[in-house]
Amino acid sequence: MSKQSVSHAYRAGIFHCLADPTSTATPEEAYEYYADGILVINDEGKVERLGPADQILPTLPSGFPITTYPNAIITPGFIDTHNHFPQTEMIAAFGEQLLDWLETYTFPTESKFQSLEYAQQVAGVYLDELLRNGTTTAMAFSSVHAESAEALFKEAYQRDMCLITGKVLMDRHAPETVRDTPEAGCTQSRTLIEQWHGKGRLHYAVTPRFAITSTPEQLEAAGHLLKEYDGLYMQTHLSENHKEIAWISELFPERCHYLDVYDHYGLVGPRSVFAHGIHLCEDEIQRLARQDAAISFCPTSNLFLGSGLFNLKQMKQHKVKVSLGSDVGAGTSFSMLQTLNEAYKVTQMRGDKLSPFESFYLATLAGAETLQLDDQLGNFLPGKEADFIVLDLHSTPLMQYRMNNCNNVFETLFVLCILGDDRNIKETFVKGISRHQRDQATH
Ligand SMILES: [Zn+2]
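Colleague: Account for helix α4 (residues 146–158), with residues named and values stated.
Modeller: Counted at 1.5 Å a residue, the expected span for α4 with its 13 residues is 18 Å, and the 19 Å between its end C-alpha atoms agrees. Of the positions making up α4, those classed as buried are Ala146, Ser148, Ala149, Glu150, Ala151, Leu152, Phe153, Glu155 and Ala156. Check the buried side of α4 and you find it contacts α3 (116–132), β6 (135–141), β7 (162–166), α5 (182–196) and β9 (202–208). Note on α4: the residue one or two positions beyond its end, Asp160, has a positive phi of about 55 degrees.

See below:
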């Protein structure tokens, strides 16, 4: 937080999205790309302007600081709209599908987060890992303990990151060490909201884990909480796994489907983000679109837990907002490039195609739109906050060899989506300040 941004220009290839490439008449209208571009950042850590180097260079005062990155593309920082910071230490846990995976791995791991000290240590590892992977904004679950959300807010504030989290609300069907009550859940959430919501670049999300682990009383309390303060988010899970969906129908027989449960308690709106949404019925999809709620598509997690294949095309046809989530620790990578790799394969399994323009849109501007932060984040329009990354196109011998055979930006971005990972993230900037350099320790 103490570091001060100074006016600075960055020269490399520059790519950013202006719109959803599936919504414009041609994909080219949805992005800008400068093969030799310059991005000028002002001393408030905001985008001043960008354009081709041969046009911008003559307009800069003599001696204006410029950093040049050969064989690199600058893009906006990635936005990960769904993950769980307490699960950082249990990523890659063997063998189970959702409900058993929660029981076997998640609940025992999350029970450790009643210690503020422990939570803070993991929060630091988690945020550094995000930055190492080029993710500058995340919407994250904490654990049920207020201390865990407190720890993550503290550490994100230190790094001046735009981050959204909330303590999990969970008052049934889980061990006592990770359960709260409707009253305690609300009281603790209120304290956190008053302390952190709107501080720096932080926001609070009311966070029922899912309708299985919250009683009707707790879901009702969550709905009331959302109305009490301006600008709160709501995050939860929806329709990930068939056994989960069957259990929901047993628990809420009076509701017509899974989304109807959340809707009944006032949890579906333009600031609601539902992770997964793999097995939705037509009415659920239409209702998501009508109420402007968003889905976070988490392909590595959906494949890892054997949950199913998300239907991106169908969501787009219904105009449901979709962005991308790593869903760590059920997700298998912090890297949004790796996440896009698997997103591509999921669409292939459905007989569809995910273009690299749409992929980069999902990982940047779509995330900002999902979080209603697209006036501040997601691309390089002047005045936006300068969260950006430098992608090294020569990060491995194979990457360099393959890039030499790319003829245009479509191919270059596609190779990044398929072969790319944390090794491509040469540098990560948060509000104009360098917060990670691959070739040095994160600071
Ligand atoms: Zn999740």
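Colleague: Give me the lowdown on the coordination of the zinc ion, citing residues and values where you can.
Modeller: Those donors, His82 (NE2), His84 (NE2), His237 (NE2) and Asp327 (OD), are the protein atoms that reach the zinc ion, and they lie 2.0 to 2.4 Å from it. Between the four donor atoms coordinating the zinc ion, the angles at the centre fall across 87 to 172 degrees, so the site counts as irregular. All donors of the zinc ion come from a single chain, and their spacing in sequence reads H-x1-H-x152-H-x89-D.

Colleague: So, unusual backbone geometry: which residues are in play, and what are the values?
Modeller: In this structure, Gly329 follows Val328 across a cis peptide bond, with omega equal to 5 degrees. When you line up the elements, Gly329 lands in the loop between β13 (321–324) and α12 (336–349). Phi is positive for Gln372, which is not a glycine, with a value near 55 degrees. The residue Gln372 is located in the loop between α14 (365–370) and β14 (388–392) in this model. Judged by its relative accessible area of 32%, Gln372 falls in the partly exposed class.

Colleague: Describe in detail the side chain of Asp421, supporting the description with residues and values.
Modeller: Mapped onto the secondary structure, Asp421 falls in the loop between α16 (409–419) and β15 (425–430). Of the polar contacts made by the side chain of Asp421, one reaches the side chain of Arg423; its length is 2.7 Å.

Colleague: I'd like a description of the packing of α12 against α16, backed by residues and values.
Modeller: One way to put it is that α12 packs onto α16 with a least axis distance of 6 Å and a crossing angle of 95 degrees. It follows that α12 is roughly perpendicular to α16 by the angle criterion. Along its contact with α12, which presents Leu337, Leu340, Asn341 and Tyr344, the element α16 presents Phe414, Leu416, Cys417 and Ile418. Of the residues contributing to the contact of α12 with α16, the split by class is seven nonpolar, one polar and no charged.

Colleague: Please set out the sheet that holds strand β1 (residues 8–17) residue by residue, giving values where relevant.
Modeller: Strand order in the open sheet formed by seven strands is β3-β2-β1-β4-β14-β15-β16, with mixed pairing between adjacent strands. Each of the sheet's edge strands pairs with one partner strand only, and the pair in question is β3 (47–52) and β16 (433–437). Strand-to-strand twist in this sheet, taken as the mean axis angle between neighbours without regard to direction, amounts to 35 degrees. Pairing between β1 and strand β2 (residues 31–41): nine bridges, direction antiparallel. Within the sheet, the bridge partner assigned to Cys17 lies in β2 and is Tyr31.

Colleague: Now, about the side chain of Ser272: what can you tell me, with residues and values included?
Modeller: Inspection of the secondary structure assignment puts Ser272 in strand β11 (residues 272–276). Only 2.9 Å separates the side chain of Ser272 from the backbone oxygen of Leu267, close enough to count as a polar contact. Apart from the residues lying within four places of it in its own chain, the contact partners of Ser272 are Met234, Leu267, Ala293 and Ala294.

Thresholds applied
Residues numbered from 1 in each chain as written. Predicted model: local features only at pLDDT ≥ 70, side-chain atom pairs only at ≥ 80, totals over all residues. Heavy atoms only, no water. Helix = DSSP H or I, 4+ residues; strand = E, 2+ residues; numbered from the N terminus. Expected span 1.5 Å × (residues − 1). Buried < 20%, exposed > 50% of the residue type's maximum accessible area, 1.4 Å probe, protein only. Contact = heavy atoms within 4.5 Å. Donors = N, O, S within 2.8 Å, 3.2 Å for Na, K, Ca; no water. Tetrahedral: all angles 85-135°; square planar, octahedral: opposite > 155°, others 65-115°. Polar contact = N/O pair within 3.5 Å; in protein donor to acceptor, adjacent residues only side chain to side chain. Axes fitted to C-alpha atoms, helices over the stretch in contact; angles between N-to-C directions. Parallel < 35°, antiparallel > 145°, perpendicular 65-115°, else oblique. Nonpolar A, V, L, I, M, F, W, Y, C, P; charged D, E, K, R; others polar. Pairing = 2+ DSSP bridges.

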